[in-house]
Amino acid sequence: MEEQLNEYQGKATMDKITSLAKRRGFVFQSSEIYGGQNGAWDYGPLGIELKNRIAGAWWKEMTQLHDDIVGLDAAILMHPRTWEASGHVENFTDPLVDCKKCKARFRADQIPEENLAAKKCPECEGELTDTRKFNLMFKTHIGPAEDTASVIYLRPETAQGIYVNYKNIIQSNRMKIPFGIAQIGKAFRNEIVTKNFIFRTCEFEQMEMQYFVKPGTDEEWFVEWKKRRWAYYDKLGVKMDHLRWHQHGPGELAHYAKDAYDIEYLFPMGWRELEGVHNRTDYDLSRHTQYSGKDMQYIDQDNNNERYIPYIIETSAGLTRNVLMILCDAYDEEQVTDKGSAASEGSADDIRTVLRFHPSLAPVTVAVLPLMKKDGLAEMAQDIRTELKEDFATDYDQAGAIGRRYRRQDEAGTPFCVTVDYQSKDDNTVTLRFRDSMEQIRVPKAELASRLRQEIKTYKRAAK
Ligand code: GAP
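Small disclaimer: the values here were computed from a predicted structure and weren't measured.

**Some details on the site of the ligand**
Surveying the vicinity of the ligand reveals 21 residues, the closest of which are Glu157, Glu191, Glu208, Glu273 and Glu314. For the ligand, an oxygen atom lies 2.8 Å from a polar atom in the side chain of Arg189. Protein burial of the ligand: of its 560 Å² of free accessible surface, 93% is covered by the chains. The set of elements that each furnish at least two residues to the shell around the ligand consists of strand 10 (203-213), strand 13 (270-281) and strand 16 (311-318). Broken down by element, the residue count for the shell around the ligand peaks at 6 residues, all from strand 13.

**Considerations on the side chain of Arg155**
Looking at the element boundaries, Arg155 is found in the loop between strand 8 (151-153) and helix 7 (159-163). Despite its burial, Arg155 pairs with no opposite charge, the nearest such side chain being Asp73 at 5.2 Å. Only 3.1 Å separates the side chain of Arg155 from the backbone oxygen of Ala74, close enough to count as a polar contact. In contact with Arg155, not counting residues within four places along its chain, are Ala74, Ala75, Ile76, Trp83, Gln183, Gly185, Lys186, Ala187 and Phe188.

**Remarks on a nonpolar patch on the surface**
Residues Leu371, Met372 and Tyr422 make up a contiguous nonpolar surface patch of roughly 230 Å² in combined accessible area. Topologically, Met372 is positioned in the loop between strand 19 (366-370) and helix 13 (377-389). We classify Met372 as partly exposed; its relative accessible area is 36%.

**A look at unusual backbone geometry**
The omega torsion across Ile177 and Pro178 is 5 degrees, close enough to zero to call that bond cis. Along the polypeptide, Pro178 turns up in the loop between helix 8 (166-173) and strand 9 (179-188). Phi at Arg174 is positive, roughly 50 degrees, even though this residue is not glycine. On the secondary structure map, Arg174 appears in the loop between helix 8 and strand 9. Given a relative accessible area of 74%, Arg174 falls into the exposed group.

**Observations concerning empty space enclosed by the protein**
Applying the stated criterion to the full structure yields 2 cavities of 30 Å³ or more. Reported here for the largest cavity is a volume of approximately 70 Å³. Considering the residues around the largest cavity, the lining is formed by Leu236, Gly237, Val238, Ile326, Asp329, Ala330, Arg356, Phe357, His358, Leu361, Tyr459 and Arg461. Here the residues of the lining of the largest cavity sort into 7 nonpolar, 2 polar and 3 charged.

**Quick look at the packing of aromatic side chains**
As enumerated under the stated definition, the model contains 15 aromatic pairs in all. Ring geometry for Tyr211 against Trp221: centres 4.8 Å apart, planes inclined by 55 degrees, an arrangement best described as tilted. Of this pair, Tyr211 sits in strand 10 while Trp221 sits in helix 9 (residues 218-235), and the two are 10 residues apart along the sequence. Residue Tyr211 is classed as buried on the basis of its relative accessible area of 0%. Summarising the aromatic geometry, the rings of Tyr265 and Phe267 are spaced 5.1 Å apart at their centres and angled 75 degrees between planes, so their arrangement reads as edge-to-face. Of the two residues, Tyr265 and Phe267, both sit in the buried class. One aromatic cluster is present, formed by Phe222, Trp230, Trp245 and Tyr261 through successive ring pairs. One cation-aromatic arrangement involves Lys51 over Tyr43; the distance from NZ or CZ to the ring centre is 5.0 Å. Here the guanidinium or amino end of Arg433 rests over the ring plane of Tyr406, the centre of that ring lying 4.4 Å away.

**Points about the environment of Ala21**
Mapping Ala21 onto the fold places it in helix 2 (residues 14-23). Looking at Ala21, the relative accessible area reads 1%, which means it is buried. What Ala21 contacts, discounting residues up to four positions off in sequence, is Phe26, Val27 and Phe197.

**Digging into the sheet that holds strand 16**
What the 7 strands build is an open sheet, ordered 3-9-10-16-13-12-11; its pairing is mixed. Pairing within the sheet leaves two strands with one partner each, and these edge strands are strand 3 (69-71) and strand 11 (243-247). Strand-to-strand, the axes of this sheet are offset by a mean angle of 25 degrees, without reference to chain direction. Bridge count for strand 10 against strand 16 is 8 bridges, and the pairing is antiparallel. Following the sheet pairing, Val213 is matched in strand 16 by Tyr311. Helix-sheet contacts for helix 9 involve strand 3, strand 10, strand 11, strand 12 (259-267), strand 13 and strand 16, and the interaxial angle to strand 13 is about 150 degrees.

**Quick word on helix 8**
Burial in helix 8 covers these residues: Tyr166, Ile169 and Ile170. Buried residues of helix 8, seen end-on, are gathered within an arc of 100 degrees and therefore sit on one face of the element. Facing away from the buried side of helix 8 by over 90 degrees, the exposed positions are Gln171 and Ser172. Looking at the buried side of helix 8, the elements it contacts are strand 3, helix 7, strand 9, strand 10, helix 10 (283-292) and strand 14 (298-300). Count one or two residues on from helix 8 and you reach Arg174, which has phi positive near 50 degrees.

Reading the values: the criteria
Residues numbered from 1 in each chain as written. Predicted model: local features only at pLDDT ≥ 70, side-chain atom pairs only at ≥ 80, totals over all residues. Heavy atoms only, no water. Near = heavy atom within 4 Å. Polar contact = N/O pair within 3.5 Å; in protein donor to acceptor, adjacent residues only side chain to side chain. Areas by Shrake-Rupley, 256 points an atom, 1.4 Å probe, with all protein chains shown as cover. Helix = DSSP H or I, 4+ residues; strand = E, 2+ residues; numbered from the N terminus. Buried < 20%, exposed > 50% of the residue type's maximum accessible area, 1.4 Å probe, protein only. Lys, Arg positive; Asp, Glu negative; His and termini not counted. Salt bridge = Lys/Arg side-chain N within 4 Å of Asp/Glu carboxyl O. Contact = heavy atoms within 4.5 Å. Patch = residues over 30% accessible without salt bridge, like charges linked within 9 Å, V, L, I, M, F, W, Y side chains within 5 Å. 1 Å grid on protein atoms, 1.4 Å probe; cavity = no way out; pocket = protein on both sides within 12 Å on 5 of 7 lines; lining within 4 Å. Points joined across faces, edges and corners; volume = space filled by probe spheres on them. Nonpolar A, V, L, I, M, F, W, Y, C, P; charged D, E, K, R; others polar. Phe/Tyr/Trp six-rings, centres within 6.5 Å; stacked < 30°, edge-to-face > 60°. Lys NZ or Arg CZ within 6 Å of the ring centre and 35° of its normal. Pairing = 2+ DSSP bridges. Axes fitted to C-alpha atoms, helices over the stretch in contact; angles between N-to-C directions. Arc of directions from axis to C-beta.

Take a look at the structure:
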C-alpha cells in the first residue's frame, strides 16, 4: 500500500492538482485579489460543470433509480432550536489549542500526543494553551438587532433540513416506510485547520440521503446501504483499489451514531474520508419531538396503525470533496512516445498531462477543431459544433498547432476531439480522436452523434 501511495503521489501531488485546477479554470481561491479567503474556493467554468455532473450522477442514482427516495431542497437558515435539538450546539466541537509564542492554532487531536502532554508547540516549541472546546457552527444574526434573540446558524450539515420535513413529505407524497429523502446543498463549518485545497473547507457542499426504517430493521438496511454506496463508486468508474472502508471506533462515533463507516479514498496526502454511512437510530427524530413538541412518530396504516419513531440510515458524501477525489482519480501523466502520429501529436517523446474523467462526468464531452482556419474548414467545424451542442457539452478551438490543441483538451479531461480537415470537405468524414488512447479514426459526419453516444455508454477506463 505504501508503494501504491508513493507511485501515485509521484504523479498526482496536491500541488499539481491545485495548479492545474487554477490554470484550467476548475477552482480558484476565493477573493484572490484581496489575498484570498481561507476555507473558501470558487468553481470556475470547468469546475462548475464537473461539480454539476457529479451532483447529477448522485441525484440520478438516489432519486431516479430508487422509487422509494424523493428529493428536497431545504433552506440553509433554520430555526435555532433545530441545532439545540440536533445536539450541535452542545456537541459539535473540536478540541483547540493555541501557541502563545507563534500564535499557530491546532486541533488538539491532530498534534503528537507528546506535544500535547508537554504543552509544546509542534512548530516553534513555544508554550501551548490549555485545550478548549470550539464549536464549529457559524453564528450570525437575523434582523437588525444583534442580540441573543436574533442568533441564527449557518447549517453545519444538510441532514436536519430533511428531518424537520419528514412528516411534510410523508403527507404530501404518501411515502411509506422504508423510504428515503435526498438533498444536495451547502453546509458551513468553522474548521480550525483548512488545508489540502478543497478537501476540508469552511463552506462546502454535501450530498446526503436519509433513509427512514422500522426499528429492528436498521442493521439490515445499514449493511444494504453500505453495499449500494460502494457499488455507486464502482459504477462511477473510480479506481476501486483507491477506496476502502473504515469503521468508527467508540472514540470516533458522532453523538448521534450507533454505528458508522467511512468510505475512504487514497488522496495524494493519504487515506481520507470521502463519505460516511451512519446508523443515526431514532436520535434525531426523538430529539425533534422533544424540542418542538410535535409528534414525529410514523403511523403504519398497513399494520393496525402501529406507531413508532423511525430509525435513520444516513449516507453523507461531500460534493466538493468528491470533486477533489474525481480530479485526483482522473489525473495522469504519461510519457508519450511516437504512436505513429507524432506529427499531429506534438514532439515524439514528451509527457502529457491528462484527466481521465468518465465521459459522463467530463466538463466538455467533445471538442471540435478545424485543422486550419481557412478554406472553409472553420465554418464546417462550427456547423458540426452547432449540431452537437443540443446533445453534448462542446468546445471549439481553432488556435495553434493541432497537437497542442489536443493536449489542451487532454488536460481539461475532454474525452473526444473531432477534427475537420481537407478530406472532410471531400467525403463528409471527420477524425474522431480518443483522449485515453490518442487513437484516431475516421467517422462519417452523419454518424458522429450516435457514435459518441455509444462510446459514452460503453466507456471503460483502461486498467493501468
Ligand atoms: N450529516 C452527517 C455529516 O455531516 P460528516 O462526516 O461530518 O457527517 C459528511 O460529513 C461528509 O461531508 C464527509 O464525509 C465529507 O465528505 C464532507 N465534509 C465534512 N466536513 C467537510 C469540510 N469541512 N469540507 C469539505 N467537506 C466536508
